[in-house]
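Chain by chain, the residues:
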Amino acid sequence: GAGVSQSPSNKVTEKGKDVELRCDPISGHTALYWYRQRLGQGLEFLIYFQGNSAPDKSGLPSDRFSAERTGESVSTLTIQRTQQEDSAVYLCASSRGAAGHYNEQFFGPGTRLTVL
Amino acid sequence: AQKITQTQPGMFVQEKEAVTLDCTYDTSDQSYGLFWYKQPSSGEMIFLIYQGSYDEQNATEGRYSLNFQKARKSANLVISASQLGDSAMYFCAMRGNNAGNMLTFGGGTRLMVKP
């Protein structure tokens, strides 16, 4: 498909376990974003990748959260030692680039993480 | 810092009528962009409309229009001729020059269209 894809769609884990969430951006999109959406709330920015530049990690809530991106392709978001407050939908988005405000971000379907 | 405020947690509208969803923002950036997204119960985020801070005309996309009042820092979404399929969460978001390239989102408004 041509859209942003994320896997898994659902993840249930036990408190204290590590999880990895995957995002495949739209081909050719140099910018990739991770957001978190808690139940009934808006999206919170987590991290942003643009090409080969250093990522903007300013939204990561703690050092348990990290993300990597290989070139301009797949990204993985890792949460170590998960806590119950990490339960949320994690959304990935990609866009063509950073220039200008109007770079529409295309969102994936999200990964729903539940920490028991 | 940027902030988006959506003061209506929930709204009802009768099918075929128009509805306005409120959005106010705060930023120190001189140049910025404002976005509206729709999130149905299935969870995907669907881009609806964009307004640039220097655009002189209000943006329109089909049944969607953005009532941009720069001096008041408001960017309300107007949906004309509501349809049952418009029932969803609606999020206002902003992207500025100095705050990085991420979007800052409001808390959302749940719109329910009554038949």
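Quantities reported herein were computed from a predicted structural model and do not represent experimental measurements.

Engineer: I would appreciate a short explanation of the overall build of chain A in the present structure.
Structural biologist: Counting its regular elements, chain A contains zero helices and ten strands. In chain A, the order of α-helices and β-strands from amino to carboxyl end is β-β-β-β-β-β-β-β-β-β. A globule of 116 residues ought to have a C-alpha radius of gyration of about 13 Å, and chain A, at 13 Å, matches this closely. Along the first, second and third principal axes, the C-alpha set of chain A runs to 40 × 30 × 25 Å.

Engineer: Sorry, what's going on with the pairing of strand β5 (residues 32–39) of chain B here?
Structural biologist: A regular strand places its side chains so that they alternate between the two faces of the sheet. All names here are of chain B. Among the eight residues that make up β5, eight are buried, leaving the element largely enclosed by the rest of the structure. Where burial is concerned, the two faces of β5 agree: the one with Y32, L34, W36 and K38 and the one with G33, F35, Y37 and Q39 are both buried. Bridge analysis of β5 against strand β10 (residues 88–96) gives eight bridges, and the strand direction is antiparallel. Paired with K38 across the two strands is Y90, which belongs to β10. Direction of pairing for β5 relative to strand β6 (residues 46–52): antiparallel, over a ladder of six bridges. Its bridge partner being in β6, F35 is matched across the sheet by Y50. In this antiparallel pair of consecutive strands, β5 and β6, the connection spans six residues, and G43 shows a positive phi of 100 degrees.

Engineer: How should I be thinking about unusual backbone geometry in this particular structure?
Structural biologist: Working note: non-glycine residues mostly have negative phi, and peptide bonds are mostly trans. Residue A:P8 is reached from A:S7 by a cis peptide bond, and omega for that bond is -10 degrees. Among the structural elements, A:P8 can be located in the loop between β1 (5–7) and β2 (10–13).

Engineer: It is not clear to me how the interface of chain B and chain A should be interpreted in this structure. Could you clarify?
Structural biologist: Interface size is commonly expressed as the accessible surface area that is lost when the partners come together. Taken together, the contact pairs 20 residues of chain B with 21 residues of chain A. Along the contact surface separating chain B from chain A lie zero salt bridges. Summed over the shared surface of chain B and chain A, the number is four residue pairs in polar contact (both at pLDDT 80 or more). Residue assignment for the side of chain B that touches chain A shows that the elements contributing at least two residues are β5, β6 and β10 of chain B. Of the residues forming the side of chain B that touches chain A, the biggest block, five residues, is contributed by β5(B). In the side of chain B that touches chain A, the residues fall into ten nonpolar, nine polar and one charged.

Engineer: What is the right way to look at the pairing of strand β6 (residues 65–69) of chain A in this model?
Structural biologist: Residue and element names in this part refer to chain A. Burial along β6 is one-sided: F65, A67 and R69 are buried, while S66 and E68, pointing the other way, are not. Relative to strand β7 (residues 75–79), β6 runs antiparallel, the two being bridged by five bridges. In the sheet register, S66 faces β7, and the bridge partner there is T78. Taking the residues between adjacent antiparallel strands as the criterion, β6 and β7 are bridged by five residues, where G71 takes a positive phi near 60 degrees.

Engineer: Teacher, can you tell me more about the state of the cysteines here?
Structural biologist: Any covalent bond linking the sulfur atoms of two cysteines counts as a disulfide. If you walk through the whole model with that rule in mind, you get two disulfides over all chains. Between A:C23 and A:C92 runs a disulfide, and the two sulfur atoms are separated by 1.9 Å. As the torsion about the S-S bond is roughly -65 degrees, the A:C23-A:C92 disulfide counts as left-handed. Residue A:C23 is located in strand β3 (residues 19–24), and its partner A:C92 is located in strand β8 (residues 88–95); the two are separated by 69 residues in the primary sequence. Take A:C23 and A:C92: they sit in the same class, and that class is buried. What pairs with B:C23 in a disulfide is B:C92, and their sulfur atoms sit 2.0 Å apart. Judged by the torsion about the S-S bond (-65 degrees), the B:C23/B:C92 disulfide is left-handed. Of this pair, B:C23 sits in the loop between β3 (19–21) and β4 (24–26) while B:C92 is found in strand β10, placing the two residues 69 residues apart along the sequence. We note that B:C23, like B:C92, is buried.

Conventions and cut-offs
Residues numbered from 1 in each chain as written. Chains lettered and ligands numbered in written order. Predicted model: local features only at pLDDT ≥ 70, side-chain atom pairs only at ≥ 80, totals over all residues. Heavy atoms only, no water. Helix = DSSP H or I, 4+ residues; strand = E, 2+ residues; numbered from the N terminus. Rg over C-alpha atoms; globule rule 2.2 N^0.38 Å. Buried < 20%, exposed > 50% of the residue type's maximum accessible area, 1.4 Å probe, protein only. Pairing = 2+ DSSP bridges. Contact = heavy atoms within 4.5 Å. Salt bridge = Lys/Arg side-chain N within 4 Å of Asp/Glu carboxyl O. Polar contact = N/O pair within 3.5 Å; in protein donor to acceptor, adjacent residues only side chain to side chain. Nonpolar A, V, L, I, M, F, W, Y, C, P; charged D, E, K, R; others polar. Disulfide = S-S within 2.5 Å.

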